[in-house]
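# A structural walkthrough
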Amino acid sequence: MNDRRSANLARLRAESWDVLILGGGINGAGIARDLVLRGADLKLALLEKNHFASGTSGRNSQLIHGGLRYLKYFDFGLVREALHERATLLKIAPSLVEPLQFLIPCYGPIDRWFYGAGLTLYDALAGSRSIGAHRVLNLSALRELEPSLSAENLRAGILFYDAKVHAARLVIENLLDAESRGACIVNYVEARREPHNLVARDVFTGEQFPIRAKRVVDATGAWSSAPGLRLVRGSHLIYPRIQAGNEALAYFDEQGRIIFLIPWGERNDLTLVGTTDVDHNGSPDHVRISAAEKDYLKSVVRRLYPDYRGEPVASYSALRPLIAASGRSATSTSREHRIWEDSDRTLHVEGGKYTTYRSMSQELVDMLMSELTPGRNLPCRTAETPLDIPPIPDSTSERIRVAVEREYARKLSDLLYVSTYWGHERAASPDWLRPLAAEMGALLGWDSSRQEGEVVEVIEASAF
């Protein structure tokens, strides 16, 4: 096998870099792609201490959306920006970002008017970039669409549009596009700052070596040591298909939190339910759904579909690194972002939404270009340059080969939770996982002990 990771590690050791990006989530990937598309011939490297997209960026609600609920907090600028970016992503990555219809069930006498007014503003903020105007369903039409919805106090429904995404794959495709244009990307490499230099460590071998870089960008998100971050955990449950139609449900609870029930899975036979907003005080390396979160999400399903008897088959959780604001709950804390430079001249990007990664990246790269290429007008090209995304292979064996050889999968979890979402789509079992580990092992040189270790690791991590 042509081991591109080893070749990139060799480059990382041998060369000096104009820009070093720390973090292989959506922000790091967006910054890398923007930089290489500027045409400045800058030497760029990106490091990720785990696998690309294995943290927050791959474990969100899988939506590209304006953030309807932020209208309640008067974050009109954020919603307008997100709706603009939604349109851009639909244009440059149509095979990964697709329109999705949402249904808001209206319980109580004022819901129809309250949510209708909010969606009128939502449509207006989208302007010419709208996917489609919202519309109201009377009770009869709603019951025809979703006959199993709880009928108690149900008055009407409202349909509107946002978009869905395979979030981890969009990260990977941004990174691979940057690599194809000259960036050096390496996963499973940690970096730490020592006096006067940076030191990298290969997670697999333990080898350490210095990195020479003019400028460093910290896009590590929840793993950043920067002050002023509030880590908020968002958890999801995956159920056998709940709703009858192909629309997602958007349900607002009494506290104003929005819970989505999203058609999901490669066979479209599942429902993704989430997300929660809970302050997280532990390590960002150990994040999983709590009993209280699980009970809460289950209660929402029971409330909406009282006759449904399915049980969740999997769960996942991730951390949102938000800008801390006193007096605001985890739900109401703004999703605005911040870009700043510390005393070591490291640029940090914090906060924000997955949907607005491209515009955040543009803002940061504009700052870098004014310093690294003074006097040159090299505009951002990411909004006009499509991502060239190959089709998904049909066979399991080919999916595994592509994950390993193209997408840098080096652990069984990389295949199951980044290159695919197979690990979220069914309960983990040795009988299912061992053949997958054997096929990956044949490509990566794993012995039987390593294969079994990979299987055990996935089973232990997936328990909920």
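Report follows, based on the coordinates. (Residues numbered from 1 in each chain as written. Predicted model: local features only at pLDDT ≥ 70, side-chain atom pairs only at ≥ 80, totals over all residues. Heavy atoms only, no water.)

### Remarks on the overall build of the chain
Per the secondary structure count, the chain includes 13 helices and 18 strands. Structurally, the chain occupies a C-alpha span of about 70 × 55 × 40 Å along its principal axes. Buried positions account for 56% of the 464 residues belonging to the chain. In the chain, the proportion of contacts linking residues at least 24 apart, taken out of those at least 6 apart, comes to 76%. For the chain, the accessible area works out to roughly 19100 Å², and carbon and sulfur atoms hold 51% of it. Across the chain, the 56 positively charged side chains and the 59 negatively charged ones have centroids separated by 2 Å. (Helix = DSSP H or I, 4+ residues; strand = E, 2+ residues; numbered from the N terminus. Buried < 20%, exposed > 50% of the residue type's maximum accessible area, 1.4 Å probe, protein only. Contact = heavy atoms within 4.5 Å. Areas by Shrake-Rupley, 256 points an atom, 1.4 Å probe, with all protein chains shown as cover. Lys, Arg positive; Asp, Glu negative; His and termini not counted. Charge placed at Lys NZ, Arg CZ, Asp CG, Glu CD.)

### Topic: the environment of Ala383
Relative to the helices and strands, Ala383 is located in the loop between helix 8 (357-372) and helix 9 (396-405). Along the primary structure Ala383 and Gln362 are separated by 21 residues, whereas in three dimensions their C-alpha atoms are 9.6 Å apart. Non-local contacts of Ala383, meaning those with residues more than four positions away in its chain, are made with Thr88, Lys91, Ile92 and Arg358.

### Looking at the side chain of Ser359
Secondary-structure assignment places Ser359 in helix 8. Taking relative accessible area as the criterion, Ser359 reaches 14% and is therefore assigned buried. A polar side-chain atom of Ser359 sits 3.1 Å from the main-chain carbonyl oxygen of Thr356. Setting aside residues no more than four positions away along its own chain, Ser359 makes contact with Glu81 and Glu85. (Polar contact = N/O pair within 3.5 Å; in protein donor to acceptor, adjacent residues only side chain to side chain.)

### Brief notes about the packing of helix 10 (residues 412-419) against helix 12 (residues 430-444)
Look at helix 10 against helix 12: their axes get within 9 Å of each other, and the N-to-C directions meet at 105°. The angle between helix 10 and helix 12 places the two elements in the roughly perpendicular class. Every residue of helix 12 that contacts helix 10 at Leu412, Leu415 and Leu416 is listed here: Trp432, Leu433, Leu436, Ala437 and Met440. For the contact of helix 10 with helix 12, the residue count by class is eight nonpolar, no polar and no charged. (Axes fitted to C-alpha atoms, helices over the stretch in contact; angles between N-to-C directions. Parallel < 35°, antiparallel > 145°, perpendicular 65-115°, else oblique. Nonpolar A, V, L, I, M, F, W, Y, C, P; charged D, E, K, R; others polar.)

### Regarding the pairing of strand 10 (residues 208-218)
Summarising the sheet, strand 1 (residues 16-22) and strand 10 pair through six bridges and their orientation is parallel. Its bridge partner lying in strand 10, Val19 is registered against Arg215. Two strands pair when backbone bridges link them, and strand 9 (residues 197-202) and strand 10 are joined in this way by four bridges, in the antiparallel orientation. Bridged to Arg201 within strand 10 is Gln208. Between strand 9 and strand 10, which pair antiparallel in sequence order, lie five residues; one of them, Gly206, sits at a positive phi of approximately 80°. (Pairing = 2+ DSSP bridges.)

### As for the pairing of strand 17 (residues 337-341)
Remember that side chains alternate between the two faces of the sheet whenever the strand is regular. The pairing of strand 17 with strand 18 (residues 346-351) spans five bridges and is antiparallel. Looking across to strand 18, one finds that Ile339 is bridged to Val349. Taking the residues that link successive antiparallel strands as the turn, the strand 17-strand 18 hairpin has four residues, and the phi of Arg345 there is positive, at about 65°.

### Describing the nonpolar core
One recurring pattern in soluble globular proteins: nonpolar side chains tend to sit buried together. If you look at the biggest cluster of nonpolar residues, it comprises 79 residues, and the most contacted ones within it are Ile21, Ile31, Leu35, Val97 and Leu170. Not counting residues up to four positions away in its chain, the partners in contact with Val97 are Ile64, Leu89, Leu90, Ala163, Lys164, Val165 and Leu170. In terms of nonpolar packing, the next biggest core, distinct from the first, is built from 23 residues, Tyr239, Tyr251, Ile289 and Val300 among them. (Core = buried A, V, L, I, M, F, W, Y, C linked by side-chain atoms within 4.5 Å.)

### Things to note about the pattern of salt bridges
Overall, the coordinates contain 40 salt bridges when judged by the stated rule. Between Arg11 and Glu15 there is a salt bridge, with its nearest N and O atoms 3.1 Å apart. Measuring nitrogen to oxygen at the nearest pair gives 3.9 Å for the salt bridge that ties Arg69 to Asp277. Here the residue Arg69 occupies a position in the loop between strand 3 (63-64) and helix 3 (76-92), and Asp277 occupies one in the loop between strand 14 (270-274) and strand 15 (278-279), the gap between them amounting to 208 residues. Across the pair, exposure class does not vary: Arg69 and Asp277 are buried alike. Each of Arg169, Glu173, Arg406 and Glu407 takes part in one network of salt bridges that share partners. (Salt bridge = Lys/Arg side-chain N within 4 Å of Asp/Glu carboxyl O.)

### What to know about the packing of aromatic side chains
The geometry of an aromatic ring pair is captured by the separation of the ring centres together with the interplanar angle, meaning the angle of the planes. Scanning all chains against the criterion turns up eleven aromatic pairs. Measuring from ring centre to ring centre gives 6.0 Å for Phe52 and Tyr408, while their planes differ by 90°; the resulting arrangement is edge-to-face. With Phe52 in the loop between strand 2 (44-48) and strand 3 and Tyr408 in the loop between helix 9 and helix 10, this pair connects stretches of sequence that are 356 residues apart. Each member of the pair, Phe52 as well as Tyr408, carries the same accessibility label: buried. (Phe/Tyr/Trp six-rings, centres within 6.5 Å; stacked < 30°, edge-to-face > 60°.)

### As for helix 9
Among the residues of helix 9, Arg399, Ile400, Val402, Ala403 and Val404 are the ones counted as buried. Where the residues of helix 9 are buried, they touch helix 10, helix 11 (422-425) and helix 12.

### Quick look at a nonpolar patch on the surface
A contiguous nonpolar surface patch, about 290 Å² in accessible area, is contributed by Phe74, Phe76 and Leu121. Counting through the fold element by element, Phe74 comes out in the loop between strand 3 and helix 3. The exposed category is assigned to Phe74, whose relative accessible area is 64%. (Patch = residues over 30% accessible without salt bridge, like charges linked within 9 Å, V, L, I, M, F, W, Y side chains within 5 Å.)

### Focus on unusual backbone geometry
Thr275 follows Gly274 through a cis peptide bond whose omega is 15°. Positionally, Thr275 belongs in the loop between strand 14 and strand 15. Here Asn153, not a glycine, exhibits a phi torsion of approximately 65°, which is positive. You can see Asn153 is positioned in the loop between helix 5 (139-145) and strand 6 (154-165). On the accessibility criterion, Asn153 (48% relative accessible area) is partly exposed. One non-glycine residue, Tyr188, lies in positive phi territory at about 55°. Among the secondary structure elements, Tyr188 is positioned in the loop between strand 7 (184-187) and strand 8 (189-194). Judged by relative accessible area, Tyr188 falls into the buried class, the value being 6%.

Function-wise, these values are silent; they only describe arrangement.
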